[in-house]
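The primary structure of each chain is shown beneath.
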Amino acid sequence: MDKKIEQLKCFESSPKGENSTTNFGVKISNDENTLKAGPRGPSLLEDFVFREKMTHFDHERIPERIVHARGSGAHGYFVSYADHSNLTKASFLSAKDKKTPLFARVSTVQGPRGSADTVRDVRGFAVKFYTDEGNFDIVGNNIPVFFVQDAISFPDFVHAGKMEQQNEMPTGGSAHDTFYDYISLKPETAHTVMWVMSDRGIPLSIRHLQAFGVHTYRLINAQGKSTFIKWFWKPLSGTLSLLWDEAQKIAGKNGDYHRKRLWDDIEAGDFPQWELCVQILSDEIIEKFEFDILDPTKFIPEELAPVTPVGRMVLNKNPDNFFAETEQIAFCVSHVVPGIDFSNDPLLQGRIFSYLDTQLSRLGGPNFNEIPINRPVCPFANTQRDGIHRMTINKGGANYFPNSIDGNYPRPKEEASVKGGFLPYPEKIDAVKTYKRSETFNDHFSQATMFWNSMSQHEKNHIVDGFSFELSKVTRRNIVERVVNEFLINIDKTLAEKVGKNLGVTVEPKVTKNIQKKLVKPSPAISQVNLLSGDIASRRIAVLIFDGCDTEDVMSFKKEMEKRDAHVDLLAPSNAPVRGCDGPSLTPKSSWVSEPSIFYDAVYVPSCGQESLELLQHNGDFLHYILESYKHLKTIAFSGCPSIIKETLRLKQDLGLILGQGWRDVVEAFTYSLAHHRVWERESLASTIPA
Ligand code: HDE
């Protein structure tokens, strides 16, 4: 068992076979009636059992995170691929196969705790490594750049992006006036806004997210050598997204979609995995890079600085208690370990302060490090004492340093650099205090344009659709016009024209002062077309079963897909078992209505007899299932009954709409198409489908 899980075990409580008591151990004799003056009389103040229970309940909520309130977490571990001590003395990277326990939490940013998972938003991706030299947190996002360059702008940005102050709308979305007002007045947001309006803003699931540390950090080795790096998480399942229509429908049908998919995969033993990579920024690369490595609105294309895997993260255990673990975990950018250090990125510098500060109010005081999920697995000691909910019983006479009473303990490690104490990189600073921002941060549009130019045609279409949808919700016309004529136009003329056309805005570019633009080469590595996993492992397939279907065909297809590590669910018109044409009945997991096509990546319809075929042709739920899957560009296979496709639905057969006689006929084409995620060639035809 890993060290963290072992540590958490000490705090577990499972009251099997135990009688209930008050929190102070007094056995409770009646837990359904308050103490009253007679059965019909008033309740008595002396009823301490009732008062304790009710008081606890009244205080069961803590403030939710101001951003990233909605999140899902899991335990896991990290395995280092090698001894990376040439780069860093961080102990978790010091040996091949070294295993470190961790907890990861993935979140949306804007919405409150109860908001839907599939809204268009940035996703937070925070990982706490419980290393043997202290906790190390990488608090990253699924987008490699950030909206603003300096931490002092963060509160304004968040106020503008979250629900509007007068009416708390919209919940968890950026499609509103204040967001677009702010970004169009703040050109440095352009690059990140492009990523959010792209498919990256609507991920398929948590295991399909790429993630990034965003800022430049330093790695320091035992010789004191510093290397600038960026952190990069690459999902082994590929980087995949939903379609916007799908994302919106899922938000209504199952707000917990991402949370559930992660939970179910882990319960099924299908553990999500990512490679942790570093992008090493050698002096040569930094020189070639046309932007400042301290500017968090810029990212360094993989084509310029390759991304080297240093280890692998596996999420393999769901929390036992959401509040105790996922809610109370406290990520802090300041949690670094020897061998890792910060850069002077002004956004990062502000974050080093903000995270610790926010935990004080969220978790109620300075002892949040003692909450089980936050405790390091290595020993810890210092002279900090007392405060709300202090749990440690510090013994001995000295709560100060230096002291002569307790042998001068606790005291810092001598020769810290050699023996493992944290030492900052001794960067020489000789500067004048100023509020000025570096001029090397001035180019706000070149990389936004590069992002656009790196997209495939369908990805570009989605960005146009994303902006058009969002801006159609903005009520103030002057803001919409400003977005088109002073913001999008500086990114790309076609983008501005297409969005302008959809909104009825004439493109009349305003001359924006101080626009400096460089021609930056596209980066194919950021197009999701190039980020497929190449297989169908972990993908979800709906097999539609019904009275009269061929059960042998169903079960053989299911087995074939499971061999390829896909998840297969049998779904029927209702939750009742169906009768197969050949005798045996099949029990569905659920019904077509409660597990609609939007929850799946592909659909299979087994062969059946003529009688069933006629019933299917008149079953609205069935026809809707197929049409909606078709509209969402999914792989669909019919191992018989092609007349439904050809005559009833009049759909055009394509690479992802596979018709055959029996499962053997369709299985390879089905696998191939699903491995490509969606049938993009179908997109314009699919827009004609009324589903
Ligand atoms: Fe955060 N951010 N942030 N952020 N952030 C928080 O800390 C903040 C930024 C990120 O699962 C808060 O514990 C400032 C960038 C994640 O618990 C708060 C600035 C990146 C999470 C905070 C930023 C992030 C947070 C709210 C600009 C990606 C969720 C609750 C200077 C690199 C962690 C909390 C979790 C959460 C502040 C910008 C990622 C208020 C001041 C850039 C993943 O402290």
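Residues numbered from 1 in each chain as written. Predicted model: local features only at pLDDT ≥ 70, side-chain atom pairs only at ≥ 80, totals over all residues.

Under the convention used in this document: UniProt positions are given in the numbering used here, feature names are shortened, and annotations may be inferred rather than shown by experiment.
Labelled according to an unreviewed UniProt entry, the chain appears under the name Catalase, originating from Dictyostelium purpureum. A UniProt comment under Cofactor (unreviewed entry) is attached to the chain, and it reads "heme".

**Here we look at the UniProt feature "binding site: heme" (unreviewed entry) in the chain**
Rules: Any pair of residues counts as being in contact when their C-beta atoms, constructed from backbone geometry, are within 7 Å of one another.
According to UniProt, the "binding site: heme" (unreviewed entry) feature falls on Tyr-355. The contact partners of Tyr-355, leaving out residues within four places of it in the chain, are Val-139, Phe-331, Cys-332, Val-333 and Ser-334.

**Quick look at unusual backbone geometry**
So the rule is basically this: Labels follow the DSSP assignment, with helices taken as runs of H or I lasting at least four residues and strands as runs of E lasting at least two, numbered in each case from the N terminus. Here a residue counts as buried when 20 or more other C-beta atoms sit within 10 Å of its C-beta, as exposed when there are 12 or fewer, and as partly exposed otherwise, the C-beta atoms being derived from the backbone.
Of note, the bond from Met-169 into Pro-170 is cis; its omega dihedral lies within 30 degrees of zero at -10 degrees. Residue position: Pro-170 is located in the loop between helix H3 (154–161) and helix H4 (177–185). Cis geometry is adopted by the peptide bond preceding Pro-410, which originates at Tyr-409 and carries an omega value of -10 degrees. If you check the backbone angles, Asn-408 has positive phi at about 65 degrees while not being a glycine. Inspection of the secondary structure puts Asn-408 in the loop between helix H10 (346–362) and helix H11 (416–419). For Asn-408, a count of 11 C-beta atoms within 10 Å puts it in the exposed group. Backbone geometry places Ser-538, a non-glycine residue, at a positive phi of 70 degrees.

**Side note on the site of the ligand**
How we decide: Think of it this way: take the backbone, place a C-beta atom on it, and check whether that atom is within 6 Å of the molecule or strand, in which case the residue is near it. Classes in brief: Ala, Val, Leu, Ile, Met, Phe, Trp, Tyr, Cys and Pro nonpolar; Asp, Glu, Lys and Arg charged; the others, Gly included, polar.
As a matter of local geometry, the ligand sits amid 24 residues, with Arg-65, His-68, Gly-124, Ala-151 and Val-214 nearest to it. Listing elements by their share of the shell around the ligand, those giving two or more residues are strand S2 (99–108), strand S3 (123–131), strand S4 (134–141) and H10. Looking at the shell around the ligand, its residues break down into 12 nonpolar, nine polar and three charged.

**Some details on the domain arrangement of the chain**
Interface size is commonly expressed as the accessible surface area that is lost when the partners come together. This is how it is decided: An automatic or database domain assignment is the source of the domain bounds shown.
According to the domain assignment, the chain consists of domain 1 (1–60), domain 2 (71–181 + 204–372), domain 3 (440–530) and domain 4 (540–686). Of note, the centres of domain 2 and domain 3, computed from C-alpha atoms alone, are 26 Å apart. Taken together, the contact pairs 20 residues of domain 2 with 21 residues of domain 3. If one sorts the elements of the side of domain 2 that touches domain 3 by residue count, H4 sits on top with three residues. Classifying every residue of the side of domain 2 that touches domain 3 by side-chain character gives five nonpolar, six polar and nine charged.

**Quick notes on the packing of H4 against helix H14 (residues 477–487)**
The criterion, for reference: Angles run from 0 to 180 degrees between N-to-C directions of axes, and those axes are lines fitted to C-alpha atoms, restricted for helices to the stretch in contact. Roughly parallel refers to an angle under 35 degrees, roughly antiparallel to one over 145, roughly perpendicular to one between 65 and 115, and oblique to any angle outside these ranges. When the near helix sits turned anticlockwise from the far one by under a right angle, the crossing is termed left-handed; a clockwise turn instead gives a right-handed crossing.
Taken N-terminus to C-terminus, the directions of H4 and H14 make an angle of 30 degrees; their axes are 9 Å apart at the nearest point. By the criterion of interaxial angle, the relationship of H4 to H14 is roughly parallel. Judged by the twist between their axes, the crossing of H4 over H14 is left-handed. Contacts between H4 and H14 involve Asp-177, Tyr-180, Asp-181, Ile-183 and Ser-184 from the first element and Ile-479, Arg-482, Val-483, Glu-486 and Phe-487 from the second. By residue class, the composition of the contact of H4 with H14 is five nonpolar, one polar and four charged.

**A look at the UniProt feature "active site" (unreviewed entry) in the chain**
The sites that carry the UniProt feature "active site" (unreviewed entry) are, in the present numbering, His-68 and Asn-141. Judged by maximum C-alpha separation, these annotated positions cover 74 residues in sequence but sit close together in space, the widest gap being only 10.5 Å. In this fold, His-68 is placed in the loop between helix H2 (48–58) and strand S1 (71–80). Those residues in contact with His-68, other than ones at most four positions away along the chain, are Ser-107, Val-109 and Gly-124. The residue Asn-141 is located in strand S4 in this model.

**What to know about the pairing of S3**
Heads up, the rule is: Strands are treated as partners if at least two bridges between them are detected by DSSP.
Counted residue by residue, S3 has nine buried out of nine residues, so it is predominantly covered. Where burial is concerned, the two faces of S3 agree: the one with Arg-123, Phe-125, Val-127, Phe-129 and Thr-131 and the one with Gly-124, Ala-126, Lys-128 and Tyr-130 are both buried. Alignment of S2 against S3, held across seven bridges, turns out to be antiparallel. The residue bridging Ala-104 from the neighbouring strand is Val-127, located in S3. Across eight bridges, S3 lies against S4 in antiparallel orientation. Directly across from Phe-129, in S4, lies its bridge partner Phe-136. In this antiparallel pair of consecutive strands, S3 and S4, the connection spans two residues.

**Topic: the nonpolar core**
Basically, it comes down to this: Throughout this description, the term nonpolar core refers to a group of buried Ala, Val, Leu, Ile, Met, Phe, Trp, Tyr and Cys residues whose C-beta atoms join them within 7 Å.
The biggest cluster of nonpolar side chains holds 100 residues, and the ones touching the most others in it are Leu-102, Ala-104, Met-194, Val-483, Val-484 and Leu-488. Tallying contributions element by element places helix H5 (residues 190–197) first for this core, with six residues. Counting the residues that make up this core, at least three belong to each of domain 2 (71–181 + 204–372) and domain 3 (440–530). Contact partners of Leu-488, with chain neighbours within four places excluded, come to Phe-467, Val-483, Leu-495, Ala-496 and Val-499. In terms of nonpolar packing, the next biggest core, distinct from the first, is built from 57 residues, Ala-116, Ala-542, Leu-570 and Ile-598 among them.

**Concerning the confidence of the model for the chain**
Here is the rule: The pLDDT score gives, residue by residue, the confidence of the prediction method on a 0 to 100 scale.
Per-residue confidence for the chain gives a mean pLDDT of 96; residues scoring 70 or more make up 99%. Under the prediction, the complex receives an ipTM of 0.98, its pTM being 0.97.

**Things to note about helix H16 (residues 551–563)**
Which entries qualify depends on this criterion: In this scheme, a helix's expected span is set at 1.5 Å multiplied by one less than its residue total. Arc definition: directions from the helix axis to the C-beta atoms.
Helix length check: H16, at 13 residues, gives a terminal C-alpha distance of 18 Å against a target of 18 Å (1.5 Å per residue), a fit within 8%. The set of residues buried in H16 consists of Asp-553, Val-554, Phe-557 and Met-561. End-on view of H16: buried residues confined to an arc of 100 degrees, all on one side of the axis. Exposed residues lying more than 90 degrees from the buried face of H16 are Lys-559, Glu-562 and Lys-563. Elements in contact with the buried residues of H16: strand S11 (540–544), strand S12 (567–572), strand S14 (585–586), strand S16 (602–605) and helix H20 (663–675). Directly after H16, the chain includes Asp-565, whose backbone phi takes a positive value near 65 degrees.

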